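Residues per chain are reported as follows:
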Amino acid sequence: MESSRLTSRKLVFDFERPIVEIEDEIEEFKRLAAQNEVNLDDEIARLTERVTAARQTIYRQLKPVQRVQVARHPSRPSALDYIQNICEGFVELHGDRQGYDDRAIVGGLASFEGRTIVVVANQKGRDTKDNIMRNFGMAHPEGYRKALRLFRHAGKFGLPVLTLIDTPGAYPGIEAEQRGQSAAIALNLFEMSRLPVPIVSVVIGEGSSGGAMGIGVSDRILMLEHSYYAVISPEGCAAILWKDPSKAKMAAEAMGITAEDLLRLGIADEIIPEPLGGAHQDPLAAAHNLKAALGPHLAELSRLGAYELVERRAAKYRAMGRFIEEF
Amino acid sequence: MTLRDWFADRARSRQLVDSDRIRREMPDGLWTKCNHCSAPLYNKDLEANLQVCPKCGYHFRVSAWTRIGQLVDEGTFSQTHASIRSTDPLGFVDTKPYKVRLEESYDRLGDGDGVITGAADIEGTTIQLAVMDFAFMGGSMGSAVGEKITRTIEDAHEAHRPLIIVTASGGARMQEGTLSLMQMAKTSSALAQFAEGGGLYLAILADPTTGGVSASFATLADILISEPAAVIGFAGRRVIEQTIRQKAPPEFQTAEWLLKYGALDMIVPRSSLRPMLGQLLRMHAGQPATVA
Ligand SMILES: [Zn+2]
């Protein structure tokens, strides 16, 4: 208990300071109670309630840039954590069949509520070593080609697809460009738009730019409460438009990147609530919520024929965008 | 190196690239200095040479209208969807409101909004055409650009005509947030339907074609053509150099470099572009090809 508390203490956000102050007080009371053999249970209970209340207040009013911080929390559950908790019998499938297995994208077969599905996800590392292997969730073209190979597998065998989005972006590197990063992403958009099986995407953390879109063309887009989905990271937007990356806070607000924003814009279909304080506070509860939200969407889409699915998906993307037409 | 630093650098590099490519007219307005070889070029000669330096072959960027004039049979272009304009879905304000940026761009560059679309003939073959304009907010793809590209794809589909798109874009239009990202899926979805119908799509990736445009409709053509030294890529050079902590080779992300690695079908100098398109169109129309 003590060590996990210490671990979590390292990851406290500035905006969580009021919570930590009360938690420190609780620790102090516990120490005093033990030292002096007095009963401070009432005081401790009262403070514990205050912690919950403070957390509720803070998390109800999170600013977009704070949401981004939560979405990037190093202890936030990763795609594999969700897959292991919402599916049974996950069989990971590896490789793009063209020379590489990109570990920044994971995929495979799994059983969801008794039905076989294909899962494809951006995978961030769960510790430093893992993060190096996963390239911090930033895929090379081979990752998108592995994803495409799995989408085609799903299409061939009539299996619904679940994609979990969690990436700071596709990897910017010389080899990534040399091997066709743009074309790999573009081809996924092209093929996903016509895949004759249901596709549901869930943004579980960071949904940043083309790197997220490359596995994100789908019939339904669900977003975890503190995830974000943006055309560019707030830092990148601030650097380009404000010429000052420290204006990320303003960029995050201006771009409309939170789950509520995307629901309002008609891009997201549903917001999945997270446990108080973010998914990392209770990964099992977060997985439970994801599973509960996902079930009805997959069931509903599975009742549609291939033709109708593809036509509806085409119509959905056809209608995306806001412009004016003057006659 | 933090993510912030990468992006700061990326912004700086974009500014550099853009100012490098701008045509620097000399004070009397009759002469332009070549960006590559610094030769003073008489504007009339430059225009006659399709905005290519006669001394060194440097290809200047051209506006959408200039490009259309260079590519299509004279008097055959009829514009479509000209009444589509950007709106401001997010009420976006950075150092300037997006609305003001749009008004300024419309005043300066007309009603294209980053892309001019229409029907035209190229060496006698009628096609649907979309030509992006880098001068209009960096050719960035917002909802209006995405809609005009999509409609042009649909027009080609319905009329059973080949589709030609000339791209020139820094990527998605950030001022429209995630809606601009969705234009990647929208245009790609329309192209997938066009491809199912057997439609021919030729793309000319002009300088520069990067980001969300390069990672969507630009690279989905049946045949990918570029011009000498055009910059094409997903991420910007500086972002990449900062990420990998080493310099990229000078030829990195040029059309020549992409051709070497199999990303393009050919590099065609501007003077040969129209005959090459004409030949490719004829070759797909079941007509005998003639060497241009
Ligand atoms: Zn020159």
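(A) Summary view of the domain arrangement of chain A. Residues and elements named next belong to chain A. Looking at chain A, the domain boundaries give domain 1 (11-61) and domain 2 (69-318). Using C-alpha coordinates to define each centre, domain 1 is positioned 36 Å away from domain 2. The interface is formed by seven residues belonging to domain 1 together with ten residues belonging to domain 2. Summing both partners gives a buried area of about 800 Å² for domain 1 against domain 2, and 73% of it is carried by carbon and sulfur. On the domain 1 side of the contact with domain 2, Leu11, Phe13 and Tyr59 bury the most area, a combined 64% of that side's loss. Between domain 1 and domain 2 we count zero salt bridges in total. Our enumeration of links across domain 1 and domain 2 arrives at one residue pair in polar contact (both at pLDDT 80 or more).

(B) Looking closely at the interface of chain B and chain A. If you look at the interface, chain B gives 66 residues, while chain A gives 56 residues. For the chain B and chain A pair, buried surface summed over both sides reaches about 5,400 Å², with 70% attributable to carbon and sulfur atoms. Of all residues in chain B, B:Met174, B:Met182 and B:Phe234 give up the largest surface area on contact with chain A, accounting jointly for 13% of the area buried on that side. Scanning the region where chain B abuts chain A turns up five salt bridges. Across the salt bridge formed by B:Glu154 and A:Arg318, the nearest N and O atoms sit 2.5 Å from each other. Secondary-structure elements contributing two or more residues to the side of chain B that touches chain A are helix H1 (3-21), strand E5 (84-86), helix H5 (143-159), helix H6 (177-196) and helix H8 (237-244) of chain B. When residues of the side of chain B that touches chain A are assigned to their parent elements, the largest contribution, 17 residues, is made by H6(B). Sheet topology note: the strand E9 (residues 323-325) of chain A/E5(B) ladder contains three bridges and is antiparallel. The residue of E5(B) that forms the bridge with A:Glu325 is B:Ile84.

(C) Representation of the pairing of strand E9 (residues 201-210) of chain B. Residue and element names in this part refer to chain B. Burial within E9 is extensive, with ten of its ten residues counted as buried. Strand direction decides the pairing type here: strand E8 (residues 163-169) and E9, joined by six bridges, are parallel. Paired with serine 169 across the two strands is threonine 209, which belongs to E9. Crossover connection from E8 via H6 to parallel E9: handedness right-handed. Examined bridge by bridge, E9 and strand E10 (residues 223-226) share four bridges and lie parallel to one another. Within E10, the residue paired with alanine 203 across the bridge is leucine 224.

Cut-offs and rules
Residues numbered from 1 in each chain as written. Chains lettered and ligands numbered in written order. Predicted model: local features only at pLDDT ≥ 70, side-chain atom pairs only at ≥ 80, totals over all residues. Heavy atoms only, no water. Domains from an automatic or database assignment. Contact = heavy atoms within 4.5 Å. Buried area = accessible area lost by both parts, 1.4 Å probe. Salt bridge = Lys/Arg side-chain N within 4 Å of Asp/Glu carboxyl O. Polar contact = N/O pair within 3.5 Å; in protein donor to acceptor, adjacent residues only side chain to side chain. Helix = DSSP H or I, 4+ residues; strand = E, 2+ residues; numbered from the N terminus. Pairing = 2+ DSSP bridges. Buried < 20%, exposed > 50% of the residue type's maximum accessible area, 1.4 Å probe, protein only. Right-handed = clockwise from strand over helix to strand, strands pointing away.

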